[in-house]
Amino acid sequence: MSSKNLILIKQFCLYHEIENTFITELNNYGLIEIISQEEEQYFHPKQLPAVEKMIRLHYDLKINMEGIDAIAHLLNKIEALQQDLTSTQNKLRLFEQHFTE
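Computed from a predicted structure; not experimentally measured.

### What to know about the nonpolar core
Counting 19 residues, the largest nonpolar core has Phe12, Phe22, Ile23, Leu26, Val51 and Ile68 as the members making the most contacts within it. Of all the secondary-structure elements, those providing two or more residues to this core are helix H1 (9-16), helix H2 (20-28), helix H3 (48-60) and helix H4 (65-100). Per element, the largest residue contribution to this core is four residues, and it comes from H3. Contacts of Ile68, omitting those with residues within four sequence positions, involve Phe22, Leu26, Leu31, Met54, Leu57, His58 and Ile63.

In structure tokens:
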């Protein structure tokens, strides 16, 4: 993958005025994936909304890394349940349409 499609962690941290170690900790907890290329560290742009959310949780709300990990896990669980619910509702609509015609 070309590094031009990735977000350079050093630059990101400077922009957001946070420590590089925060991003490293997110990686250590498995919350994001760091990509190393040519002695630089990057993360994928699709992770940007989650990283920015975790920055706000940590720096604005003073939530520690364990709390961020728990919140991220619960949010992922909620998203999966919402997808299951939507799928089930769609199947139910099809079922209702089939038997009401």
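What follows picks up the thread again.
### Focus on the sheet that holds strand E1 (residues 7-8)
In space, the three strands of this open sheet follow the order E1-E3-E2, with antiparallel pairing throughout. A single partner strand is all that each edge strand has here, and the edge strands are E1 and strand E2 (35-37). The pairing of E2 with strand E3 (residues 40-43) spans three bridges and is antiparallel. Among the inter-strand pairings, Gln37 is bridged to a residue of E3, identified as Glu40.

### Here we look at unusual backbone geometry
Of note, the phi angle at Glu17 is positive, near 55°, even though the residue is not glycine. Within the secondary structure layout, Glu17 lies in the loop between H1 and H2. In this structure Glu17 comes out as exposed when scored by relative accessible area, which is 74%. A positive phi angle, close to 45°, is found at Glu38, a residue other than glycine.

### Let's talk about the environment of Ile9
Following the sequence through the fold, Ile9 ends up in helix H1. On a C-alpha basis, the gap between Ile9 and Ile23 in space is 7.6 Å, while along the polypeptide they are 14 residues apart. Residue contacts for Ile9: discarding those within four places in its chain leaves Ile23, Ile34, Gln41, Tyr42 and Phe43.

### Observations regarding the pairing of E3
Examined bridge by bridge, E1 and E3 share two bridges and lie antiparallel to one another. Note that in E3 the partner of Ile7 across the bridge is Phe43.

Basis of the calculations
Residues numbered from 1 in each chain as written. Predicted model: local features only at pLDDT ≥ 70, side-chain atom pairs only at ≥ 80, totals over all residues. Heavy atoms only, no water. Core = buried A, V, L, I, M, F, W, Y, C linked by side-chain atoms within 4.5 Å. Buried < 20%, exposed > 50% of the residue type's maximum accessible area, 1.4 Å probe, protein only. Helix = DSSP H or I, 4+ residues; strand = E, 2+ residues; numbered from the N terminus. Contact = heavy atoms within 4.5 Å. Pairing = 2+ DSSP bridges.

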